[in-house]
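Geometric and topological summary
Residue strings, one per chain:
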Amino acid sequence: MTAATQAATTSAVELPKVRRRRRWRFNMRAVGRTLGMVIIVVWCLAPFYWMVVTSFRQVDYTYDNALLPKHVTFDNYKAIFQGNNHFGRALINSVIIGTVVTVFAMIVGVTCAYAIARLHFRGKFAVLGLILAASMFPGVALVTPLFQFFTNIHWLGTYQALIIPDLSFALPLCVYVLASFFTQMPWDLEQAAKVDGASPGQAFRLVILPLAAPGLFTAAILVFLSAWNEFLLASQLSNGNPNVAPVTYAIAFFSGSDPRIVPYTSIMAAGVIITIPLVIVVLLFQRRIISGLTAGGVKG
Amino acid sequence: MTAATGEKAGQEGQVGAGRERERRRRRARASQGDSRLAWRLIAPTIILLIVVIGYPVVYAVVKSLQLDKADAGINPSTGFFQQGGKFVGLKYYRYWFNCNCPNGTNGHEFWPAVQTTVIFTVITVIFEVVLGTMMALVMHRAFKGRAIVRAAILVPWAIPTAVTARLWEYMFQPHGVVNSVFGTSIIWTGSVWPARWAVMIGDIWKTTPFIALLVLAGLQVIPDELYESARVDGANAWQRFVRITLPLVKPALLVAVLFRVLDVLRIFDLPYILTHGANQTTTLSILAVNELRSSQNAAAALSTITFLFIFLVAFVLVKIFSVNVVQTQARTVKA
Amino acid sequence: MHYRRVLVVAVAAVTTVGLAAGCSSSKKSGGGGRGPITFVTGKDTSGVWPAIANQWNAAHPNEKVTVKQQSDQADQQHDDIVQHMQAKDPGYDIVTVDVIWTAEFAAKGWLVPLKGQYAIDTSPMLGGPVKAATYNGTMYAAPFASDGGLLYYRKDLVPTAPTTWSELISDCAKKTSGMGCYGGQFSQYEGLTCNAVESIYGAGGTVVKSDGKTPDVNTPQAAEGLNFLVNGFKQGYIPKEAITWTEEPSREAFQSGKLLFLRNWPYVYAHLTGDANSQVKDKFGVAPLPGSSGLGTSTLGGHSAAISVYSKHQGTAFDFLKFIETPDIQLNQFLKVGTLAPVLKAPYTDPTAIAKFPYLPTLQKSIDTAIPRPVSPFYPAITQSIQTNVYQALQGSLPVQSALQNIQAGITKAAGG
């Protein structure tokens, strides 16, 4: 045999063994990864599963622990949309408030984050500190002065009274997330666009923003969810007006047949109704969140 | 160098210096223009924050230096509280720091509340960072069904806190599903550490997706070529994680940690509904709400103290981790 | 520099806003105004207010009442009223006050005293509710619904209800396996104050002296009362998990047959007889609470209605107050529709009512002899002190003596001591 064929035969003989070893190691890693994923998904969804099961349980059996649903009923879902609960209206209110807050937060936040990330000016640290400081004051202490303020300008129980505070709570996080994204953007692209004749605004809008899409969508989701979640100020500033009160307030309104009863089944049903559309929206937008840098955009 | 090259170098040096001055002048002019534009862009944010949050802060500070009506004593004939409002300086601040109050009063609970709040912060943030990063790495992968996995991971964050608190309160009852599934009979809300863990588990479950989401967004900007070349160079998975992923995801992770810390230092809803603050789960915000029922101005003082405490913590965090959101240069990723 | 300009604008905005806030009109309206009113109440779980409002509105078309419902959580109801009162809101004409808030709101000058032209005739009413609505010798709220503690017991296992604690403890032997003996509400919340205070009263102790202000809880009688509960956990005649119980979990335990004796409110009755999963439907009885050497004393629950000093239609509000205390409303609405305990003596002896609610005579006795929790403007701090110390005593981490000393000191401190 020539050296070549000898080498070929040897490699032909050795190859399967190496391939087998690598495949085994590969499988272990894959198994480990899948296992980790399963654990994470179970951790996230198990309590939600319990929430769903409870929401279908008859009220008299609230404290039943069977893992698979027994005593199933749709009554809880019917009940929360009935009469005094204004739950349907509250859902609409939450969507309106959440959307408006998100739109304004993105507009204001993007402009602010651009300035912080891109422009030179004195007092930048002070500005960043001030914005961060807005997230340091306990929410419970804001209720009384804001309540009196909105009462005095007769804005109690209006959309504005709910949107403006929510916006202020969401802005610091929004600005920080966006600013940290914008600093990592390839600014030479913006320079290149400017050289090609675009104005700074156009360069920013048409070149940088698309690249920052993951950051933008992340910030938008966080802002929306923070407005969605807000309870303390919403409950006071809506003044119980069902035309503006959001779902968090409506849920606090649910009650059993006696004020001492905590209506767990109804609350869980409401929780499921609130969560499902959010999950659908996230599913729809998750590709945008996950999209990476467009191929070829960065390479020199 | 010969004389000729030396002269040339000198000439070049002069030209270079000239160019440098020109560049500096241009930068200064750009800076001024930058500055005006920047302030115009930042103004809406600043004004909104000052009006909506600055005003209550000022209100709280002013109130905290005045005597509350409830502390002004009762007029013996009418039974009404006397007028409050006179300036009392740091009376309420001294009350919180140095009460010597009997057990069961709010004043007695200040230092325990500080301890509880710090414990919650440290433990939950550590768990959330570890779990959140793991979740982000999972979400980052491309595989079949990843959309469902990503949506599943975000579910805890999507449920309103009020519902989450009720859910965990319900699950942690002595005959609730947690005890039934794990076969334990821990009375979760009946003693100090089980109650604290109940609150922390609920909080970790709810907010890990927040960190996962931010870390995931941070992972997106890391180019795959870095990993490729590292793998070619022989780095294993752990080394790739520590040397490439962690440093590049650091800005996003630090923003997440910073805001998480700020949030959990002010936490109110979850422990209030789950344990009502009993068994040493009273945080500073719960204490402020409890005090609000007795003396509004003392509660304002407590809120101000909490604010300063959080400010201090944030300052230390920013310094230690050099959270630097301020860079205006494009970061060049060294391959 | 430009940022200075931004700062100036912002500060100016805040100052203007602040001044505008301070300049709101805060005139207290004089008495006697008539017109439409808003009646603020917690979540109407018993469905009783729509009919009452309709009846009133039909008779008073120009002075209609609008019922505004708050949430069902007592804390939120309290804080909501406080917010509106501090903002001097004329939109809340009549507010529903829990019995424990009356003194606090009265002392803050928010409630119209019910004397002179606004005097209420209290002779047909039960004693307890009237006492609870009286602060500093004046009535500030008109009670309309009451509540008292009752002892529910398994009459199939214990034919006669115990009248003293020692009888109760010896009756524990009659429970079957898997049952707990005695249960109440022992989680750290207002319900614990009710249970603790009832035990203290049951041993002849008291929390504050008759002046309503001076604490007198560090006494051997109070210690004996508290020990009934503390020993329950130590010796096991109160189940360990009862430390987490509020009204509902305790009801659940009794309803599923796992408890021999239950201290709870009257609302439980309907569930024990009517719920699908009730294991005790015809097996339970209702009795007055036992005490140390004889029958014990219940504490008082319930709600009153009070007129806000910022209301512009106080005359109408007062008439509405009288309306909800007429025998017709008390019997036919509050009791029959709402299953709430009336404050008038008459409904308790109505035969049709007793047929529907067999526990009425026991309840009447319970409420008539009930002692309110301390009627004090500093009640939030007082209940906090009681709750915290009693809870720790029940957990075994604080000796009863120290708990009582702390409560004594806490009440003194709360009143500005």
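Residues numbered from 1 in each chain as written. Chains lettered and ligands numbered in written order. Predicted model: local features only at pLDDT ≥ 70, side-chain atom pairs only at ≥ 80, totals over all residues. Heavy atoms only, no water.

A look at the domain arrangement of chain C
All names here are of chain C. Heads up, the rule is: Domain start and stop positions are those given by an automatic or database domain assignment. The contact criterion used is simple: two residues touch if any of their non-hydrogen atoms lie within 4.5 Å. Summed over both partners, the accessible surface that disappears when two parts come together, traced with a 1.4 Å probe, is what is meant by buried area. Only one rule defines a salt bridge in this text: a Lys or Arg side-chain nitrogen within 4 Å of an Asp or Glu carboxyl oxygen. Here a polar contact means two N or O atoms within 3.5 Å. Within protein one must be a hydrogen donor candidate and the other an acceptor candidate, and residues neighboring in sequence count only if both atoms are side-chain atoms.
Each assigned domain of chain C is listed with its residue range as follows: domain 1 (2–147 + 301–368) and domain 2 (148–299 + 375–414). Computed from C-alpha coordinates alone, the two centres of domain 1 and domain 2 are separated by 29 Å. Taken together, the 17 residues of domain 1 in the interface contact 18 residues of domain 2. Interface of domain 1 and domain 2: buried area, both sides summed, is about 1400 Å²; carbon and sulfur atoms make up 70% of it. Considering only the surface of domain 1 that becomes buried against domain 2, Ile100, Asp147 and Tyr359 emerge as the three largest contributors, covering 35% of it. In this structure, the connection of domain 1 to domain 2 is made through zero salt bridges. Applying the counting rule to domain 1 against domain 2 returns one residue pair in polar contact (both at pLDDT 80 or more).

Some remarks on the side chain of C:Asp98
All names here are of chain C. Applied cut-off: Only DSSP runs of H or I covering at least 4 residues are called helices, and only runs of E covering at least 2 are called strands; the numbering of each starts at the N terminus. Residue exposure (1.4 Å probe, protein chains only): buried if accessible area is under 20% of the type maximum, exposed if over 50%, otherwise partly exposed. Charge counting follows a simple rule: Lys and Arg are positive, Asp and Glu are negative, and His as well as the terminal groups are ignored.
Along the polypeptide, Asp98 turns up in strand β3 (residues 94–98). Among buried Asp, Glu, Lys and Arg side chains, Asp98 stands out as unpaired, with Arg373 the closest opposite charge at 4.7 Å. Not counting residues up to four positions away in its chain, the partners in contact with Asp98 are Gly302 and His303.

A closer look at helix α3 (residues 74–86) of chain C
Applied cut-off: Residue count minus one, scaled by 1.5 Å, sets the expected span of a helix.
Taking 1.5 Å per residue as the helical rise, α3(C) with its 13 residues ought to reach 18 Å, and the 18 Å between its terminal C-alpha atoms agrees with that figure. Where α3(C) is buried, its residues contact α5 (143–152) and α10 (232–237) of chain A together with β2 (65–69), β3 and α4 (102–107) of chain C. Where α3(C) ends, the next residue or the one after it, C:Lys88, has phi of about 55°, a positive value.

Some words on the interface of chain B and chain A
Inclusion rule: In this classification, the charged set is Asp, Glu, Lys and Arg, the nonpolar set is Ala, Val, Leu, Ile, Met, Phe, Trp, Tyr, Cys and Pro, and all remaining amino acids, among them Gly, are polar.
On the chain A side, the residues contacting the 96 residues of chain B number 100 residues. Counting the surface lost from both chain B and chain A, the interface buries some 8800 Å², and carbon and sulfur atoms represent 77% of this. Applying the counting criterion to the chain B and chain A interface returns zero salt bridges. The interface formed by chain B and chain A includes 10 residue pairs in polar contact (both at pLDDT 80 or more). Class assignment for the residues of the side of chain B that touches chain A results in 67 nonpolar, 18 polar and 11 charged.

Quick word on the state of the cysteines
The condition that has to hold: In this description, a disulfide is simply a cysteine sulfur pair whose atoms lie within 2.5 Å.
Summed over all chains, the structure comprises two disulfides over all chains. Here B:Cys99 engages in a disulfide with B:Cys101; their sulfurs sit 1.4 Å apart. In this structure, B:Cys99 and B:Cys101 share a single accessibility class: buried. With a sulfur-sulfur separation of 1.9 Å, C:Cys172 is cross-linked through a disulfide to C:Cys181. Handedness here is read from the sign of the S-S torsion; for C:Cys172 and C:Cys181, about -80°, the answer is left-handed.

Looking at the packing of aromatic side chains
Under the convention used in this document: Note on aromatic pairs: the rings of Phe, Tyr and Trp (six-membered ring only in Trp) are paired at centre separations within 6.5 Å, and the planes decide the class, stacked below 30 degrees, edge-to-face beyond 60, tilted for the rest. Either the NZ atom of lysine or the CZ atom of arginine qualifies as a charge over a ring when it sits within 6 Å of the ring centre and within 35 degrees of the ring normal.
This structure, assessed with the given rule, holds 48 aromatic pairs over all chains. When the centroid spacing of 5.4 Å and the interplanar angle of 70° are considered together, the rings of A:Tyr176 and B:Phe259 count as edge-to-face. Taken as a pair, A:Tyr176 in helix α6 (residues 159–182) and B:Phe259 in helix α9 (residues 237–265) lie in two separate chains rather than in one. The exposure class of B:Phe259 is buried, given its relative accessible area of 3%. When the ring of B:Trp96 is compared with that of B:Phe110, the centres are 6.1 Å apart and the planes differ by 50°; the resulting orientation is tilted. Within this pair, whereas B:Trp96 is found in helix α2 (residues 91–97), its partner B:Phe110 is found in helix α3 (residues 110–140), the two being separated by 14 residues in sequence. The class of B:Trp96 is buried, set by a relative accessible area of 1%. Here the basic side chain of B:Arg196 rests over the ring of B:Trp193, its NZ or CZ set 4.9 Å away from the ring centre. Lying across the ring of C:Trp265, C:Arg263 places its NZ or CZ 4.5 Å from the centre.

Here's the deal with the packing of α3(B) against helix α7 (residues 192–220) of chain B
Residue and element names in this part refer to chain B. Applicable threshold: Axis definition: a line fit to C-alpha positions, over the contact stretch in the case of helices; interaxial angles, taken between N-to-C directions, run 0 to 180 degrees. By definition in this entry, angles of less than 35 degrees are roughly parallel, angles greater than 145 are roughly antiparallel, angles of 65 to 115 are roughly perpendicular, and the rest are oblique. The hand of a helix crossing depends on one turn: near helix anticlockwise from the far one by less than a right angle means left-handed, and clockwise means right-handed.
Two numbers describe how α3 lies on α7: the axes approach to 6 Å, and their chain directions differ by 40°. For the element pair α3 / α7, the angle class is oblique. Crossing geometry of α3 relative to α7 is assigned as right-handed. Split by residue class, the contact of α3 with α7 holds 20 nonpolar, nine polar and three charged.

Notes on the pattern of salt bridges
Residue and element names in this part refer to chain B. Evaluation of the coordinates by the stated rule reveals 18 salt bridges over all chains. Its salt-bridge partner being Arg266, residue Asp263 comes within 2.8 Å of it at the nearest N-O pair. Residue class for Arg266 comes out buried when judged on its relative accessible area of 18%. A network of salt bridges, in which partner residues are shared, links Glu128, Asp203, Arg260, Asp263 and Arg266.

Structural notes on the domain arrangement of chain A
Residue and element names in this part refer to chain A. Once the domains are mapped, chain A shows domain 1 (3–55) and domain 2 (76–295). On the side of domain 2, eight residues touch domain 1, which itself brings five residues to the contact. Buried surface at the junction of domain 1 and domain 2, both sides included, amounts to about 560 Å², of which 76% is carbon and sulfur. Contact with domain 2 buries surface across domain 1, with Met51, Thr54 and Ser55 losing the most and accounting together for 78% of the total. In this assembly, domain 1 and domain 2 are joined by zero salt bridges. Taken together, domain 1 and domain 2 are joined by two residue pairs in polar contact (both at pLDDT 80 or more).

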